[in-house]
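Results of the structural survey
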Amino acid sequence: MKPRSVRDADVAGKRVLVRSDLNVPLDDGRVADDMRIRASLPTLRLLLENGAAEVRVCSHLGRPKGGEDRAKYSIAPVRERLLELLHDERVVVLENTRFNPGETKNDPEFARELAEGCELFVNDAFGSAHRAHASTVGVAELLPAYAGLLLEQELERLGRLLDEVERPFVLISGGAKVEDKLGVLRNLGGRADEVLIGGKMAEELRESSPLEFEVVLPPDVVAAAAFEADAETRVVAFDELPAGWLGLDIGPETRAEFAERIRPARTVFWNGPMGVFEWPAFAEGTRAVARAVADVDGYTVVGGADSVRALGEAGLAGSVTWASTGGGASLELLEGKELPGVAAIPEG
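Notes on the structure in this doc start here. (Residues numbered from 1 in each chain as written. Predicted model: local features only at pLDDT ≥ 70, side-chain atom pairs only at ≥ 80, totals over all residues. Heavy atoms only, no water.)

**Structural notes on the pairing of strand 13 (residues 267-271)**
Side-chain direction in a regular strand flips from residue to residue, so the side chains alternate between the two faces of the sheet. Most of strand 13 sits inside the fold, with 5 of its 5 residues counted as buried. By the alternation rule, side chains of strand 13 split into Thr267, Phe269 and Asn271 and Val268 and Trp270, which are all buried. Pairing between strand 8 (residues 169-173) and strand 13: 5 bridges, direction parallel. The residue bridging Ser173 from the neighbouring strand is Asn271, located in strand 13. Inspection of the sheet shows strand 13 paired to strand 14 (residues 299-303) by 5 bridges, in the parallel sense. Residue pairing across strands places Trp270 opposite Val302, the latter belonging to strand 14. (Buried < 20%, exposed > 50% of the residue type's maximum accessible area, 1.4 Å probe, protein only. Helix = DSSP H or I, 4+ residues; strand = E, 2+ residues; numbered from the N terminus. Pairing = 2+ DSSP bridges.)

What follows is the structure in structure tokens.
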């Protein structure tokens, strides 16, 4: 199903509610990475250019648990950054939707509160499209609903991986738990020519694999004496990990092998880091994969906050076909699941 587009909406003189994905990392009360804010701008600009009387933007930010979290998760620094990038007095940024407990329950009363005074709804928050919340589904049942430009792009770019793709097709997966990626591995992995696994997932699959196809696992790891950023490290074969030590990154042999397998690909999907990349001592494996994916002459998609962050930190975000803003949403789409936030928008 292709949802109807904001391009076809008559917004002139109307008040429009937009659900954007402004769930960005904060550092000491300031926006640490504004990628998602920037990704929301094309839809907002289109609405303003087409004569919207007012554009009300709503989003969640983090996972506030109670009143004591209101200062920590206030949308204020995000609002400030968005309005720095988009100077227009018609833009209003509402407070964090998750401050209202009715948001995650898809409470009709909170949906009505969000929709009040608006004449049209645009969902541009792909990163939250897998959640049936008041701001993604509830308001779409109250107002004429349309898909924003970013939501459209995400569906098109990721959806291409579910069709016939140019080969070789390489899938790279990392992270902590196989359970989190199992649906995508089963749905896409069986169609891929190569499936490369790093991170803690590799250990799980080595012990017991629920997959019906072969995967490539790391032959060596960067071992750490403790789960600490400055722990003693050494490179060892995967089966020679000293007792009590932890494998916190893929080793140099694995980096070279993965790069060699990625290089000839014509289609790549990468989701999940190869180790604890937040710590410099264990970041090189993820960086090596980022470089290899960026060098591919083909269709390359990177999904998941950690992978996209690693790509950005390496200065390579512009070297892939698409860097998805959605974590769980991209995984569920590629598992073949229906996304409630998309299903709530009438077909175009």
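Read on, since the account is not over.
**Re the sheet that holds strand 7 (residues 145-147)**
The 5 strands are arranged 5-4-1-6-7 in an open sheet whose pairing can be described as parallel. Among the strands making up the open sheet, the edge pair consists of strand 5 (91-93) and strand 7. Within this sheet the neighbouring strands show an average axis-to-axis angle of 25°, counted without direction. Pairing of strand 1 (residues 15-19) with strand 4 (residues 54-58), which is carried by 5 bridges, proceeds in the parallel orientation. Looking at strand 4, one finds that Val18 is bridged to Val57. (Axes fitted to C-alpha atoms, helices over the stretch in contact; angles between N-to-C directions.)

**Topic: the pattern of salt bridges**
By the definition in use, this model includes 23 salt bridges. Among the ionic pairs, Asp21 bridges to Arg36, the shortest N-O distance being 3.5 Å. Taken together, the residues Asp21 in the loop between strand 1 and strand 2 (26-27) and Arg36 in helix 1 (residues 35-49) connect sequence positions 15 residues apart. The exposure class of Asp21 is buried, given its relative accessible area of 3%. For Arg36, a relative accessible area of 19% puts it in the buried group. With a shortest N-O distance of 3.1 Å, Asp34 and Arg38 are connected by a salt bridge. Among the charged side chains, a salt-bridge network with shared partners connects Asp34, Arg38, Arg81 and Glu84. (Salt bridge = Lys/Arg side-chain N within 4 Å of Asp/Glu carboxyl O.)

**So, the state of the cysteines**
In total, this model carries 0 disulfides according to the counting rule given. Free of any disulfide, Cys118 has its nearest neighbouring cysteine sulfur in Cys58, separated by 8.8 Å. (Disulfide = S-S within 2.5 Å.)

**A look at a negative patch on the surface**
A cluster of acidic residues, Glu179, Asp180, Glu204 and Glu207, forms a negative patch on the protein surface. Counting through the fold element by element, Glu207 comes out in helix 7 (residues 200-207). (Patch = residues over 30% accessible without salt bridge, like charges linked within 9 Å, V, L, I, M, F, W, Y side chains within 5 Å. Areas by Shrake-Rupley, 256 points an atom, 1.4 Å probe, with all protein chains shown as cover. Lys, Arg positive; Asp, Glu negative; His and termini not counted. Charge placed at Lys NZ, Arg CZ, Asp CG, Glu CD.)

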